[in-house]
Structure formats: structure tokens, C-alpha cells
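Residue strings, one per chain:
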Number of protein chains: 2
Amino acid sequence: MARVHNFSAGPAALPERVLREAQSELLDFAGSGMSVLEMSHRSPVYQAVIDEAEATLRRLLAIPSNYRVLFLQGGATLQFAGVPLNLMRRGHAGYVVSGNFSKLAWKEGCKYGQAEILASSEDTNFDRIPDLTPVKERAAAGDLDYVHICQNNTIFGTQFHELPDCGSTPLVADVSSCFLSMPLDIERYGLIYAGAQKNAGPSGVTVAIVHEDLIEGGPARADICPTYMGYKLQASKGSMYNTPNTFGIYLCGKVFRWIEETDGLVAMAQRNRAKAELLYHTLDESELFHGTAQRDSRSICNVTFRTNDADLDAAFISFARERGIEGVKGHRLVGGMRASIYNAVTMDSVGALVTCMKEFERELPSRSI
Amino acid sequence: MARVHNFSAGPAALPERVLREAQSELLDFAGSGMSVLEMSHRSPVYQAVIDEAEATLRRLLAIPSNYRVLFLQGGATLQFAGVPLNLMRRGHAGYVVSGNFSKLAWKEGCKYGQAEILASSEDTNFDRIPDLTPVKERAAAGDLDYVHICQNNTIFGTQFHELPDCGSTPLVADVSSCFLSMPLDIERYGLIYAGAQKNAGPSGVTVAIVHEDLIEGGPARADICPTYMGYKLQASKGSMYNTPNTFGIYLCGKVFRWIEETDGLVAMAQRNRAKAELLYHTLDESELFHGTAQRDSRSICNVTFRTNDADLDAAFISFARERGIEGVKGHRLVGGMRASIYNAVTMDSVGALVTCMKEFERELPSRSI
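Note that the structure is a prediction, hence the values are computed from the model and not measured. (Residues numbered from 1 in each chain as written. Chains lettered and ligands numbered in written order. Predicted model: local features only at pLDDT ≥ 70, side-chain atom pairs only at ≥ 80, totals over all residues. Heavy atoms only, no water.)

## Points about the relation of the copies chain B and chain A
At step 1: Between chain B and chain A, which share one sequence, the superposing operator has a rotation angle of 180° and an axial displacement of 0.0 Å; the RMSD is 0.0 Å. The symmetry that links the two subunits is that of a two-fold axis.
At step 2: Taken together, the interface assignments show that 100% of the residues at the interface of chain B recur at the interface of chain A, consistent with an identical surface on both copies. (Least-squares fit on C-alpha atoms with pLDDT ≥ 70 in both. Contact = heavy atoms within 4.5 Å.)

Below is the structure:
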């Protein structure tokens, strides 16, 4: 059947070109007589795959040479522990709690040292990015190993539009759902990490980009850090201390190249903003649907919205599905709807969703729920 | 080009049928209008994929209902830490050190408690499975949380042909390279785990099968165990506490079904033994090549061999490659050659390797190295 309009929060839509390329070479990669799925990670052919993936990513994000790129497994969730195990050298870090995942990261941090909440928006069910003034003030004391944020809150549809000023304290960011949706100034961060399954590839790969100074001494908690999770070791082994997710990295490399060949991250961010603006404009004009995130915190990656009636929300989700629109059910923590409009979601798909919303609203007086 | 004869130690050959199926549905899985790579792990379509994978695996191995099946990430290496973090309740475990990976597992165990070496074959560079009498005697004391073995030593080409008698002490086995190569009596074990990239699927998936009594209380070291690594939590969430490697699990499911449809594990073991016997017979008859593992410890999964001359070994590896035979270079820790003859390596491929070995030996007098 025709490809649906896929608004899944992750795993999410991939560029059709990437899928077709992977399909065409699935039984014979690069004339090797075997699938990339069957290939030793130690082979020269595969080494070229991971090297090219890293090189392309470095070009896309202009990653300085004193940052290391890692391809890991276990999702952002495993890094919630990896960050303190590697970086909490003085046993004290700050966390901004702006959603479900940043709260989980904070809880994990509490296992390994003193994890201090510097700002939170839990009081309004995470419908905003909290005021970051206290973060700047607290970081200025200079005793924190890092400040951790989740830069885009997938579930709540919010996003940091400016980064906290942490002075010389390293900023660590879970950027899972905004990674590669726009340029990032890597030098503003000590470490970023992202589950690939939003804008960067399939699930099962976590990309980390870390300043080499932060990892030079090995894991802060080498006494208890699982060897696999040591950033320094994985960096020294080119992400191949053990067998990585070879196929996942291969697909990420294809996605990186697709971004580069469709004019890079500045152009990608423009397209993503245009998609988001169309959706937010529709919400602002609607008498039925309204956005759930506060305006100045709205995400360009995940657009959360609802009616004022849970039954109507459910009816809309079914209505959309009948029109080939999938994945718009909101997360249970916020309810309603969510459209994840990652890189591979086209303006055409967003247009289809907007048309569907307007049609649903127009037909509403004649509906019996 | 034609498919090569692939003897890689992992990632390794996959059944061609599995690859062709995955290829044919890569852009539209089960009429969903999207790739399985793009599909939410929370969708009913994907839930059916992971459910079927588990159900097939349960049939293949006759897994009792009081064992839980987990699909994790991070390879066997991450489980070297996961095992003690979850199971070392009294802080004391026994390890059999029969190769590189079992030694790494032991070292990791030392981080989290007292990890005692009960038997080792390091004195002869791991060319054998050590005598297991001391294991039985030590386990009988009843104070160990578990006894850990690596059941097949990929690098050294050795394999346990009987399991240690641990009495009531749970036996934990890294079965990565023999998993699904033959039936296993699951009830002999407390826990087995395996990187999938040998007989079970692609890299990036780790399968664990664990007795529910062992995990009921949560991780032994809940104070420091990364949440992701908690067996009880992952079991309670159907391996979806966070986003799993969705595509990897999907492919594992296809491999499981392929095993079932090619008559299951008894038949698979017969084919694997026949392949191994042909190779070992060739080695035993040869005046040039000889096996590196002691006879009663020989693996049916990884056949390690060499000439007595490193240059000749290198010449043979090139000679084989010219004949479409890939992946026979031995691991640097043992040198020489290694043929990994996992499930998807056909007798035809093994025959091609044997022919190549004989040809090389026959031509030897006329070769100048």
C-alpha cells in the first residue's frame, strides 16, 4: 500500500531514499557478496561504513576535533546512568527537570551522587521550559560537575530556545528528539547524547558527542561503571570495544548523508520551522484544537495538542487514521494528540494533517460522538 | 556478485531467506504503509512482532513458563556487569575462566563483589575446557550466588560438552556463540544470555533467558545498577522499558522462525555436527593444518586451526579469499585461522572451505611464500 503519513514519536519516519538504498543493497553490500548485516565489524568494508558515518556527522554539526563521537547502545535511558558514572567526579551535579525524561535522568543521577534540581516545570505538568536564571546563578558557584538538560521534551512538546548560561560548568544535554533537526553549537556543550530513532536513524543506536577533556581520566566511578559504558574506552576503540549495532550505524550514516545532500542542517531547520509554524498557526486559528505547550516553549519537533474532550480526541485520532495519518495519539502523561514532525516527515504530510484537522472541525456540528 | 562463503565469527552469515523476506517488506511491513524501521515500538503491529519472536523462541528451546525472555542491548559485554548487578545478592560468585570473554566477565564480577575463579585453562592459552571437578566441590558449599561460564569460546574454538554440576547454585552461562546451534536444557540454568550476532540475528540485540525466582527481588545492587539493566524491570515491561532495537528483534524473530521451519534445534544440531566433523576430519587427516583446541574440548561452532608458519597462514587466508571464502582469519589472541560455522553457514560452504584447504596443501610444494 501507499506510504502513510507517519507522525510517530520514535521510532519514526525515515527518508524514503534511505530505505530504498538499504533495500537495494540488503543482500550484497558494496560488492562484498554479503549483507552489511552479516559483515564482521572488524572488516575493512565495515570500518569504512562507520568512519564515513562519523565523518559526515562531523561535517553536518561542525564538530570540533577535540570532541569525540560515540555510537553506543541502550538508548538515552542507559546514558542517564552513563553521564554520572563517567562525569560526576566531585559527586555533585545540577539538573533541569522539564519533562519525563529529564526527571528520570535526575533520578538516575541521585544514585551516583548529589543530583540537585536547579529548575523545574513540574508544577504545570511540564507545559513550559522553566526560567533558567537559577541555573546560571547556581552554576556560577563552580562546584557542579555538570548541568544536565533534556533539550526537547518529546512527550510535552516543549523545547529550549536558548541554552542555560552555565559559565565554565559543562552543559550536558539529552538532545534525542531535536538532534539533527537544526544546527547545534557543539562548543556550548560538554556532552550531548541522542537516541537515533527520531531524526538520525533506527532505534538501537545512541550517538554521543563529548569533549575529550571530560573523559580523559576515565569514568568518574570506574569502581562501579560497567566497562561497556566507559566513554574513554569506547572513544579509544572507535565505538568498537565490543560489537556495535552495525546495521543501525550503517543506516544512521545514510541518514546523515541524506541530510547533507538535502543542503544540511540550516536548510533542515528552515523546513522544520515551516512545518511547525503551519501546525501551530492551525492550532491558534482553531476553535476546537489548542496546543498544550506554552507558546514561548513550543517545540519544532513535537507538536502537542488537544480538544477539551477526551472522546473527541479519540474520535479525531480515528478520523486521521482513516485518512492515512498514523502516530498522532498523544503520550498518556499529557493526553490528546501529538504530531512528531521530524526531518523525514514532509511538508506534504503536515499539510495532510492540517487538512484533516480542518475537515474534522468543520464536520463537528454534524458528528455525534 | 554471488554470495561469498561467509565464516565470520559475528556478525555472521544470515539465512538468505531471512534477508530476502526483510528486503521485500523493507518499505511496507504487513500492509502498514511504513517500514518496520519506522514503526512505534508501542504500536499493535510491532507488539505482534516481538510477541511472535518470543513465542517462537519459547517453542524452539522449550522454555518453561517460569523463565522470562528479555531482548536487551549492549552485547554480552554489558551483561558481564548486568549479571553481578542483578544476581550477586550475597556478594560472592564463582567463575570458570575458559577464554577471553569468560575472563572479562570475571573481571567485571570483581567490581561488584567477590568473584572467585573456580577453574581456569589460561595455563595452556585456553585450548581446552578445564576440569570441572573443583566447580562441583566449591558450589556444594552453597554460599555462591551463581557459577558463571562461557559455554562456547568463540576465539579459542572450545565448547563445554557437559555442564558443571552446580547443585542448587544457579548456573549462569554466556551462550553467545552456541545459542540456537543445538537444544539447551533451560532448566539446568538460572540465566543464559547471548549476543544475537552469531546464530540468532544481527548485532545490537542481546537475548537473556532467566528464571523468575532469580530476579523477583529486583537487582541485587539496586543502589548502583543502571535502571536500564534491571532484569526485573525489563521483564515487567516486556523488554520495552525504553525503546528496544526494534529492527534487530524483528530480524531475530525471522531467524527463529527459519530454524523452526527447517525442523528445529535437534535437526540444526545434527547439521552443525556434520559440518564440524567434516572440518575436524580434514584437520586430522592433514599434514599441514592442525586444530588448536584439544580434541575433547572442540567446538561445533568455531573451528580454530593453523599451520606451523604464520606466513603460510596468511597465504592460506589470501588463497581462500580468492576463492570466495571470507572471514577465516583467526583472532589475534590465538592466531592462525578460524571457521565459524554457525547455523546459516551451509554444508556447501564448509565443503568449499575443505576443498580449498586440500587444494592449498596439494599445491604447497610448488609455492614460494
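Now, onward.
## A short note on the domain arrangement of chain A
Residues and elements named next belong to chain A.
At step 1: When cut into domains, chain A gives domain 1 (16-261) and domain 2 (263-363).
At step 2: The distance between the C-alpha centroids of domain 1 and domain 2 comes to 27 Å.
At step 3: Note on domain 1 versus domain 2: buried area summed over both sides is about 2200 Å², and carbon and sulfur give 56% of it.
At step 4: Where domain 1 touches domain 2, the interface holds zero salt bridges.
At step 5: The tally of links between domain 1 and domain 2 comes to 17 residue pairs in polar contact (both at pLDDT 80 or more).
At step 6: Of all the elements in the fold, those that place two or more residues in the side of domain 1 that touches domain 2 are α2 (44-61), β7 (158-159) and α8 (246-261).
At step 7: In terms of residues, the side of domain 1 that touches domain 2 owes the most to one element, α8, which gives four residues.
At step 8: Its residues assigned to classes, the side of domain 1 that touches domain 2 shows eleven nonpolar, twelve polar and five charged. (Domains from an automatic or database assignment. Buried area = accessible area lost by both parts, 1.4 Å probe. Salt bridge = Lys/Arg side-chain N within 4 Å of Asp/Glu carboxyl O. Polar contact = N/O pair within 3.5 Å; in protein donor to acceptor, adjacent residues only side chain to side chain. Helix = DSSP H or I, 4+ residues; strand = E, 2+ residues; numbered from the N terminus. Nonpolar A, V, L, I, M, F, W, Y, C, P; charged D, E, K, R; others polar.)

## Let's talk about the sheet that holds strand β10 (residues 206-211) of chain A
All names here are of chain A.
At step 1: Taken together, the seven strands give an open sheet; going across it, the order is β2-β10-β9-β8-β5-β3-β4, and neighbouring strands pair in mixed fashion. For this open sheet the edge positions go to β2 (67-72) and β4 (114-120), each flanked by a neighbour on one side alone. Averaged over all neighbouring strand pairs, the angle between strand axes comes to 20°, with direction disregarded.
At step 2: Contacts from helix α3 (residues 75-87) reach β2, β3 (92-97), β8 (171-174), β9 (191-195) and β10, with the element oriented near 160° to β9. (Pairing = 2+ DSSP bridges. Axes fitted to C-alpha atoms, helices over the stretch in contact; angles between N-to-C directions.)

## A look at the interface of chain B and chain A
At step 1: Across the contact, 62 residues belong to chain B and 62 residues belong to chain A.
At step 2: In total, about 4800 Å² of surface goes out of reach between chain B and chain A, with carbon and sulfur atoms giving 56% of it.
At step 3: Together, Leu27(B), Leu37(B) and Glu38(B) form the three largest contributors to the area buried by chain B at its contact with chain A, with a combined 15%.
At step 4: Where chain B touches chain A, the interface holds two salt bridges.
At step 5: Here Glu38(A) makes a salt bridge to Arg3(B), at a shortest N to O gap of 2.8 Å.
At step 6: At the junction of chain B with chain A, the criterion picks out 29 residue pairs in polar contact (both at pLDDT 80 or more).

## Notes on helix α2 (residues 44-61) of chain B
Residue and element names in this part refer to chain B.
At step 1: Taking 1.5 Å as the rise per residue, α2 with 18 residues should run 26 Å; its terminal C-alpha atoms sit 26 Å apart, in good agreement.
At step 2: Regarding α2, the residues found buried are Tyr-46, Val-49, Ile-50, Ala-53, Thr-56, Leu-57, Leu-60 and Leu-61. Down the axis, α2 shows its buried residues gathered within 125° of arc, on one side only.
At step 3: Turning to α2, the residues buried within the fold contact β2 (67-72), β10 (206-211), α8 (246-261) and α9 (264-285). (Expected span 1.5 Å × (residues − 1). Buried < 20%, exposed > 50% of the residue type's maximum accessible area, 1.4 Å probe, protein only. Arc of directions from axis to C-beta.)

## Comments concerning the pattern of salt bridges
At step 1: Summed over all chains, the structure comprises 48 salt bridges over all chains.
At step 2: Here Asp145(A) makes a salt bridge to Arg90(A), at a shortest N to O gap of 3.3 Å. Of this pair, Asp145(A) sits in the loop between α5 (133-139) and β5 (147-150) while Arg90(A) is found in the loop between α3 and β3, placing the two residues 55 residues apart along the sequence.
At step 3: A salt bridge links Arg221(B) to Asp223(B), with the shortest nitrogen-to-oxygen separation between them at 3.3 Å.
At step 4: Asp223(B) gets classed as partly exposed once you look at its relative accessible area, which sits at 44%.
At step 5: Taken together, the shared-partner salt bridges in this structure form one network comprising Arg17(A), Glu21(A), Glu25(A), Glu52(A), Lys254(A), Arg257(A) and Glu261(A).

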